[in-house]
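A closer look at the structure
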Amino acid sequence: MEFKSKIKTIEWIKPDNVSRMVDQLVIPYEYKMVDIKTCEQMYDAIKTMIVRGAPAIGIAGAHGLALAALEVSSEVETKEEFLQKLKEKAEYLKSSRPTAVNLMWAVDKQFELVKNSEKTIDEMVQLLIDHAIELENDDIEINKKIGDYGAELVPKKGATILTHCNAGALATVGYGTALGVVRSAFAKDNTIQVFADETRPRQQGSRITTFELVMDNIPVTLITDGMSGYFMNKGMIDMVVVGADRIAANGDTANKIGTYNLAIVANYHKVPFYIAAPLSTIDISIKTGKEIPIEERSHEEVTHINGKRICAEGVKVINPGFDVTPSELIKGIITEKGVLYPPYEDSIKKAFEQV
Ligand code: MRU
């Protein structure tokens with residue numbers, strides 16, 4: 001049985017040529033779509049996290065460059081000017097968020113497609129739109145493959161799977177990476193359940209992960225970030241699966257802040273800790289996690305909840321959005337090409353040779 005998720009996070013709408021996406025800033029209070037019509041609006045949507053999650057912002061970047069091409073095509077006379085302006089827009093889009101490499105991957109892939117093209121400007125615009133739609137459709141297929149490979153790793157019937165942040169349908173075009181594993185596992189055994197970390201400071205776990213699992217009728221229990229050790233110690237967690245924002249060539253993995261703590265606690269309790277991510281999240285140009293740029297986010301995310309101050313005024317704050325889990329804490333990386341195991345230098349290299 002295939003699991004059907006109700007969610008499509010981002011979609012190119014023809015013939016209007018707009019990018020329609022779920023507004024993740026209002027979840028769980030509302031579920032509404034927003035139309036993004038320009039490259040600048042796309043930059044803002046990514047930066048303010050209307051759209052978030054590594055694969056979803058990759059597709060947003062691809063849509064963004066197609067929107068840029070539509071705009072630029074009406075402003076220029078020559079192909080050289082078109083490509084020059086498009087390159088500037090590509091750099092602008094890529095600067096919206098620094099850690100998730102899918103954004104750079106998708107925008108670069110789009111630009112590469114036209115950079116040496118013999119086509120006319122109008123043909124290039126169409127090519128960028130068609131390619132953005134292709135990447136969008138591929139994302140769901142890739143997640144289903146990740147889900148099916150990951151479901152094989154669930155250690156027992158009725159297992160409890162812990163996840164952090166949101167690596168679900170709403171962090172991708174649909175289905176999800178870590179929650180793709182959950183969806184595929186649930187299709188095989190509807191007695192499995194999820195424990196979701198709240199994921200401070202932006203609470204993607206409580207706001208988004210629980211929202212989409214409840215929407216799809218998959219049993220989920222919300223816990224706060226510091227509770228995982230307690231439940232592992234009681235033998236209540238069978239497996240941890242999280243997503244990723246960037247994976248280095250040696251398997252070191254950047255994901256939402258708090259993932260590293262979770263990996264240590266899981267390893268201490270001998271609970272298998274897996275990453276679920278597409279190959280587009282693996283950045284083979286960097287050797288280790290030390291080279292991954294970590295986004296420093298607004299201090300207000302820590303000092304306030306829903307606009308209300310929750311700490312003393314004047315307190316010092318540091319707010320890195322991501323941390324890096326060293327590869328030795330990762331039991332396997334679940335990709336669309338299968339599960340990669342240590343030594344990751346070799347398994348990642350082999351997976352890329354198959355592409
Ligand atoms: O800051 P966010 O919400 O974009 O961070 C998202 C995460 O860290 C996800 O877990 C990660 O992108 C994996 S998404 C499938």
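Note that the coordinates shown come from a computational prediction; the quantities given were computed from them, not determined experimentally.

Reading guide: rules and limits
- Residues numbered from 1 in each chain as written.
- Predicted model: local features only at pLDDT ≥ 70, side-chain atom pairs only at ≥ 80, totals over all residues.
- Heavy atoms only, no water.
- Helix = DSSP H or I, 4+ residues; strand = E, 2+ residues; numbered from the N terminus.
- Rg over C-alpha atoms; globule rule 2.2 N^0.38 Å.
- Buried < 20%, exposed > 50% of the residue type's maximum accessible area, 1.4 Å probe, protein only.
- Contact = heavy atoms within 4.5 Å.
- Areas by Shrake-Rupley, 256 points an atom, 1.4 Å probe, with all protein chains shown as cover.
- Lys, Arg positive; Asp, Glu negative; His and termini not counted.
- Charge placed at Lys NZ, Arg CZ, Asp CG, Glu CD.
- Domains from an automatic or database assignment.
- Buried area = accessible area lost by both parts, 1.4 Å probe.
- Salt bridge = Lys/Arg side-chain N within 4 Å of Asp/Glu carboxyl O.
- Pairing = 2+ DSSP bridges.
- Axes fitted to C-alpha atoms, helices over the stretch in contact; angles between N-to-C directions.

Once that is clear, we can look at the overall build of the protein chain. When helices and strands are tallied, the protein chain shows 11 helices and 16 strands. For the protein chain, whose C-alpha radius of gyration is 20 Å, the value lies close to the compact-globule estimate of 20 Å for 355 residues. Principal axes of the C-alpha set define a box for the protein chain whose edges measure 70 × 50 × 40 Å. Burial status across the protein chain gives 57% buried among its 355 residues. The long-range fraction of contacts in the protein chain, counting pairs at least 24 apart against all pairs at least 6 apart in sequence, stands at 75%. Surface exposure of the protein chain reaches about 15300 Å², of which carbon and sulfur atoms provide 52%. For the protein chain, the separation between the mean place of its 41 positive charges and that of its 50 negative charges on side chains is 5 Å.

Once that is clear, we can look at the domain arrangement of the protein chain. In terms of domains, the protein chain is made up of domain 1 (10-143) and domain 2 (149-353). Computed from C-alpha atoms alone, the centre-to-centre distance between domain 1 and domain 2 is 26 Å. With 30 residues of domain 1 in contact, the opposing surface of domain 2 contributes 33 residues. For the pair domain 1 and domain 2, the summed buried area comes to about 2600 Å², and 58% of that belongs to carbon and sulfur atoms. The three residues of domain 1 that bury the most area against domain 2 are R52, T99 and N143, which together make up 24% of that side's buried surface. Put simply, domain 1 and domain 2 have one salt bridge between them.

Moving on: the sheet that holds strand 5 (residues 193-197). The sheet built from seven strands is open, its strands ordered 6-5-4-7-10-15-16 with mixed pairing. Edge positions in the sheet fall to strand 6 (220-223) and strand 16 (338-340), since each of these pairs with one other strand and no more. Neighbour to neighbour, the strand axes of the sheet diverge by 25° on average, direction disregarded. Where helix 9 (residues 259-268) meets the sheet, it contacts strand 4 (160-163), strand 5, strand 7 (239-242) and strand 10 (273-276), and its direction lies at approximately 140° from that of strand 10. Here helix 11 (residues 344-353) sits on the sheet and contacts strand 15 (332-335) and strand 16; the angle it forms with strand 16, its principal contact strand, is near 150°.

Let's shift gears to the sheet that holds strand 14 (residues 322-325). Judged by pairing direction, the sheet is mixed, and its four strands sit side by side in the order 11-8-9-14 without closing on themselves. Where the open sheet ends on each side, the last strands, each with one partner, are strand 11 (282-283) and strand 14. Relative to strand 14, strand 9 (residues 253-256) runs antiparallel, the two sharing four bridges. Its bridge partner being in strand 14, T253 is matched across the sheet by T325. Contacts between helix 9 and the sheet are confined to strand 9 and strand 14, with strand 14 contributing the most and set at about 35° to the helix.

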